[in-house]
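Here are the chains, one letter per residue:
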Amino acid sequence: MASRYPDRDTCFLKTMNADGADSKTDGSDEDYLPDSSELSSSNDSSGEETSFHRRQALEEAEASSTDGGLNRRTHHGVSVQVLTQKGDGSRTYNKKKNFCLWCERPYSKIVRHVEAVHRSEPVVARALSFDKNFRERSVQLNLIRHRGNFAHNIGVLREGSGVLLPCKQPAKAAAPQDFMHCAHCQGLFSRRHLWRHVKRCPLRKRGGHPKPGRTRVQSLCTYATPVTPGVGTGLWKLLSQMNYDDVVPVIKGDSCIMQFGQHLYNRLGSDVGKHEYIRQKLREVGRLLLHAMKVTPLRSMEDFIRPPNFFHVVHAIRSLAGYDDKTNTYRVPLLALKVGHSLQKISAMVECQALMEGSALTVESARSFRKLYEARWSELISTAALKTLREIKWNAPLLLPFTDDVKRLNLYLLDQQREYLDGLSAHPSAKQWSMLAKVTLTQLILFNRRREGEVSKMRLSSFESRHTADLQGDVAQALSEMEKALCHHFTRIEIPGKRGRKVPVLLSPCMQKAMELLTEKRAECGVTPDNFYMFARPAALSHFRGSDCIRLYARECGAKHPEALSSTRLRKHVATLSRVLNLSDTEMDQLADFLGHDIRVHRQYYRLPEGTLQLAKLSKLFVAL
C-alpha cells in the first residue's frame, strides 16, 4: 500500500546513532529541534513520485499552520478527541487508537501491529533490538506512535475535517488551536501544559540550562514545523525567538506581514544587532492587524490596502495609538507614525507581487491606496501625531551631566580598571575578564562621547588593525607641539557608525593596555572563537551592552544625578558646551564629524538650548532695550 506520507525513518537520525549504538539522552543541547528537511527522504523507490507530491501536500498543510502545527483559523470540521462518560459519571471505554506511520490506519494495539507487520523497517528493528525491560525500547516505540499520529493530525488539518489525536485526551471539548505538537517527539499536547511535557520529554536533549518560560517553549515548537513557502529559514528562526503571545500567530498567519518581514530580513538580516528591530516592526504591524480585527471589519493586511477600507484603517490606527478627538492628541503618537510607514512599504510589496502574478486589480488597488495615503494621511494621522510629539518636549527638563559627576565616574573607572587589570593578569577567569571588559567599554563611551551601541559592537578585527603609523611630515608641520604630543599619546581606530558611517574612536594608553590584555586572555577566559566582538560575553556569541555598563557604574561611583549619565546625554552635553566655548565653524564641523552626524543635526538636535545661557545673555539685551 502506497503511503500517504513519505517514509519518516530519517526523522530518527537526531535521536539514534548511525552505528546502532544506544543513543544518549542526557548529554547534548537543550534546543534540539527535529530537522524538517530530513522528512523528505524516502526508502520506497516504487512510490517515489507519489510520495513526493504527498510530501508537498503535507508540508503545505504544516506551513499553513501558525500555531506549531495547528491552523490559527477555525476548523469547523476539526475536533479533538475527548474522554467520554456514561450517564452515571463513569468513564466510557474508548481507548484511543493510534495511527500507523506506514499503513495510515488506526490500531488499538499499535506496538503489536508494528512488531508483526513492519519489523523490517530500520527504525522498528532498532527499537525492537533493545530488551523489553530497557527504557530506550519504550522511548523509541513511543516516538513511532507519535509520528504516526502526527501524520494523521496534519492530514486532518489539511482536509479541514476529522478528529485530532492528542497524547492526553481532555475531559472537556477543546478547540484545535489550543493544542501544539512537541518539537522533540511530535506528540500533540495542550498548549497550556506543553512546557511541562517538554521539560521531561525523553527525546529532549539534556545539555546546558533549559530556556525559561512557557512562551519560549511554544516558540521552539513553532520553529520545529516546516518553513512557510516563500519565507527564508533565517526569518523563520528570527520569528521563533519572539515571545509567543496573541500577536505572533497573527504575524505568521498573514502572507503580507511575512513578505514584509522577509523584505526587512533581506535588507538587515546580515546584522544580528538589527534582528530585534525586525521583530519590533513585525510586532507593530501584527498588533495593528489584531486590533483591527476587534474594532473594524478588516481581517487581513491585504484588506488594509483596499481603497474602500481606507477610513477603517484610519480608525484602527487611531484606536491603537490612543487618539483623543477632543484634544486632537495621541497617547502613543510614535506608534501611529511607525505603522503608517510600514503600511506604505507593504502596499509597495503587494503591488510588486501582483505585477509578477499578473493581477491588474490588486495592482490598481495598491496604487490607489498610496494615492489616498499621500492625499489624506497627513491630515488624518501624521499632523496630530507630530503635534503631540512636539508638545511633549515643551518645558521638559533638560537633564545634562554635571561636570562633577563626569569627573567622579572617570576616576572611579580608573580605580576599577587598575584592580581588574591586576586580577586578570594574576588569575585569569571569566569573571575577571567580564569586569575588565565592562570597565573598558564604559571608559571608551565616556571619553569619546560615542553612541553606546557603536562601541559595544566593536569587532576584535577593528582593534587589531588599529592605526599605529607615525604622523605624515606635511601634516605634522601644521600642528602645534601639544597637538603632536597628543597624537603620539592616543591611538585611533575606526568602527562602523550609524547609517554605515565610519566613525573614529580614540584610545588612551591605559585603555589600549586593557584591550590588549583582553585580547590575549580571550581563549583562557572562555570566550568562544566564533564570537568576533571585542567586548564579548564569555561562553556566548553576544556582547556586553554599553548602556547597562554605564548605568551600573554611574550608580556605583556615587554620582549625584546618575540618571543623567548616559551616552546620549553625554553627547548632547559636549554639543551644548561647544556653543559656550565659541568654537569656529571648522572646529564645529570636526566635532560633528567625530560624533558621527551632520552639522545640521548637530545644531538642531544635539546642541540643546541652555536655560542659564539664555537668561544671562538675552535678559541683559532686553533689559537694555
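As the structure is a computational prediction, the values presented were derived from the model and not from experiment.

Engineer: Pulling in residues and values, what's your account of the overall build of the chain?
Structural biologist: Along the chain, the regular secondary structure elements total 26 helices and 10 strands. The 625 residues of the chain split such that 45% are buried. If you take every contact in the chain between residues at least 6 apart in sequence, the share linking residues at least 24 apart comes to 65%.

Engineer: Can you explain unusual backbone geometry? Please cite residues and give values.
Structural biologist: Even without being a glycine, Gln186 presents a positive backbone phi close to 65 degrees. Relative to the helices and strands, Gln186 resides in the loop between strand 5 (179-181) and strand 6 (188-190). In this structure Gln186 comes out as buried when scored by relative accessible area, which is 7%. Its identity is not glycine, yet Ala539 carries a phi of approximately 60 degrees, on the positive side. You can see Ala539 is positioned in the loop between helix 21 (509-520) and helix 22 (546-556).

Engineer: Please provide a residue-by-residue account of helix 14 (residues 360-393), values included.
Structural biologist: Spanning 34 residues, helix 14 covers 46 Å between terminal C-alpha atoms, matching the ideal 50 Å at 1.5 Å per step. Of all the bends found along helix 14, the most pronounced is centred on Trp377 and spans about 65 degrees. When we look at burial in helix 14, the residues that qualify are Val363, Ser365, Ala366, Phe369, Tyr373, Trp377, Leu380, Ile381, Ser382, Ala384, Ala385 and Thr388. Close packing links the buried residues of helix 14 with helix 11 (301-304), helix 12 (310-321), strand 7 (323-324), strand 8 (329-330) and helix 13 (333-357).

Engineer: Quick rundown of the confidence of the model for the chain? Include the residues and the values.
Structural biologist: If pLDDT is low for a region, its predicted coordinates should not be looked at in detail. For the chain, the average pLDDT comes to 79, and 73% of its residues sit at 70 or higher. For the chain, helix 1 (residues 48-63) is the element with the lowest average pLDDT, namely 41, and helix 12 is the one with the highest, namely 96. When the criterion is pLDDT under 50, residues 1-75 qualifies, and its contacts beyond four places in sequence or with other chains add up to 169 contacts.

Engineer: I'd love a proper account of the packing of helix 15 (residues 403-426) against helix 22, names of residues and values included.
Structural biologist: Two numbers describe how helix 15 lies on helix 22: the axes approach to 9 Å, and their chain directions differ by 100 degrees. When the axis of helix 15 is compared with that of helix 22, the two are roughly perpendicular. Of helix 22, the residues touching helix 15 (which contributes Leu409, Tyr412 and Leu413) are Tyr553, Ala554 and Glu556. Residue composition of the contact of helix 15 with helix 22, by class: 5 nonpolar, no polar and 1 charged.

Engineer: Talk me through the side chain of Arg451; I want residue IDs and the actual numbers.
Structural biologist: Looking at where Arg451 falls in the secondary structure, it is placed in the loop between helix 16 (430-448) and helix 17 (452-456). At 2.8 Å, the side chain of Arg451 and the side chain of Glu454 are in polar contact.

Engineer: Account for the pattern of salt bridges, naming residues and giving values.
Structural biologist: Enumeration over the complete set of coordinates arrives at 20 salt bridges. Residues Glu276 and Arg279 are paired through a salt bridge, measuring 3.1 Å at the closest nitrogen-oxygen approach. Within this pair, Glu276 and its partner Arg279 are both found in helix 10 (residues 275-295), separated by 3 residues, close to a single helical turn. Residue class for Arg279 comes out buried when judged on its relative accessible area of 13%.

Engineer: Give a description of helix 4 (residues 135-159) that names residues and reports values.
Structural biologist: The terminal C-alpha atoms of helix 4, which comprises 25 residues, lie 37 Å apart, in line with the 36 Å expected from a rise of 1.5 Å per residue. Most of helix 4 sits inside the fold, with 20 of its 25 residues counted as buried. The first or second residue beyond helix 4 is Gly160, which carries a positive phi of 80 degrees.

Engineer: How would you summarise the state of the cysteines if you had to cite specific residues and measurements?
Structural biologist: The full count for this structure, using the stated rule, is 0 disulfides. Between Cys167, a free cysteine, and Cys185, which holds the nearest cysteine sulfur, the sulfur-to-sulfur gap is 5.9 Å. Of the cysteine sulfurs around Cys185, a residue in no disulfide, the closest is that of Cys182, at 3.8 Å.

Engineer: Break down the pairing of strand 10 (residues 502-507) for me, citing the residues and quoting the values.
Structural biologist: Taken together, the 6 bridges between strand 9 (residues 491-496) and strand 10 define a ladder with antiparallel strand orientation. The partner of Glu494 across the bridge, within strand 10, is Pro504. Between strand 9 and strand 10, which pair antiparallel one after the other, the connecting turn spans 5 residues, and Arg499 there sits at a positive phi close to 60 degrees.

Engineer: Provide a residue-level description of the packing of helix 7 (residues 233-240) against helix 10, including the pertinent values.
Structural biologist: Contact pair helix 7 / helix 10: the axes reach a minimum separation of 10 Å and the direction vectors enclose 75 degrees. Classed by the angle they form, the pair helix 7 and helix 10 counts as roughly perpendicular. Residue-level contacts link Leu235, Leu238 and Leu239 of helix 7 to His275, Ile278, Arg279 and Leu282 of helix 10. In the contact of helix 7 with helix 10, the residues fall into 5 nonpolar, 1 polar and 1 charged.

Engineer: So what's going on with the packing of aromatic side chains? Residues and values would help.
Structural biologist: Following the criterion strictly, the structure yields 10 aromatic pairs and no others. With a centroid separation of 4.7 Å and 20 degrees between ring planes, the pair formed by Tyr373 and Trp377 is classed as stacked. Of this pair, Tyr373 and Trp377 both sit in helix 14, 4 residues apart, which is roughly one turn of that helix. According to the relative accessible area criterion, Tyr373 is buried, its value standing at 8%. Residue classification places Trp377 among the buried residues on the basis of a relative accessible area of 2%. With a centroid separation of 5.3 Å and an interplanar angle of 20 degrees, the aromatic rings of Phe447 and Phe490 are classed as stacked. Pair noted here: Phe447 is in helix 16 and Phe490 is in the loop between helix 20 (481-489) and strand 9, with a separation of 43 residues, a long-range link.

Engineer: Explain the environment of Thr84 to me, using residue names and the numbers behind them.
Structural biologist: Tracing the sequence through the fold places Thr84 in the loop between strand 1 (77-80) and strand 2 (98-99). A residue is classified by how much of its surface remains accessible, and Thr84, at 32% relative accessible area, is partly exposed. Separated by 86 residues in sequence, Thr84 and Pro170 have C-alpha atoms that sit 9.5 Å apart.

The rules we used
Residues numbered from 1 in each chain as written. Predicted model: local features only at pLDDT ≥ 70, side-chain atom pairs only at ≥ 80, totals over all residues. Heavy atoms only, no water. Helix = DSSP H or I, 4+ residues; strand = E, 2+ residues; numbered from the N terminus. Buried < 20%, exposed > 50% of the residue type's maximum accessible area, 1.4 Å probe, protein only. Contact = heavy atoms within 4.5 Å. Expected span 1.5 Å × (residues − 1). Bend = angle between axes of the 7 residues up to and from the residue. pLDDT = per-residue confidence, 0-100. Axes fitted to C-alpha atoms, helices over the stretch in contact; angles between N-to-C directions. Parallel < 35°, antiparallel > 145°, perpendicular 65-115°, else oblique. Nonpolar A, V, L, I, M, F, W, Y, C, P; charged D, E, K, R; others polar. Polar contact = N/O pair within 3.5 Å; in protein donor to acceptor, adjacent residues only side chain to side chain. Salt bridge = Lys/Arg side-chain N within 4 Å of Asp/Glu carboxyl O. Disulfide = S-S within 2.5 Å. Pairing = 2+ DSSP bridges. Phe/Tyr/Trp six-rings, centres within 6.5 Å; stacked < 30°, edge-to-face > 60°.

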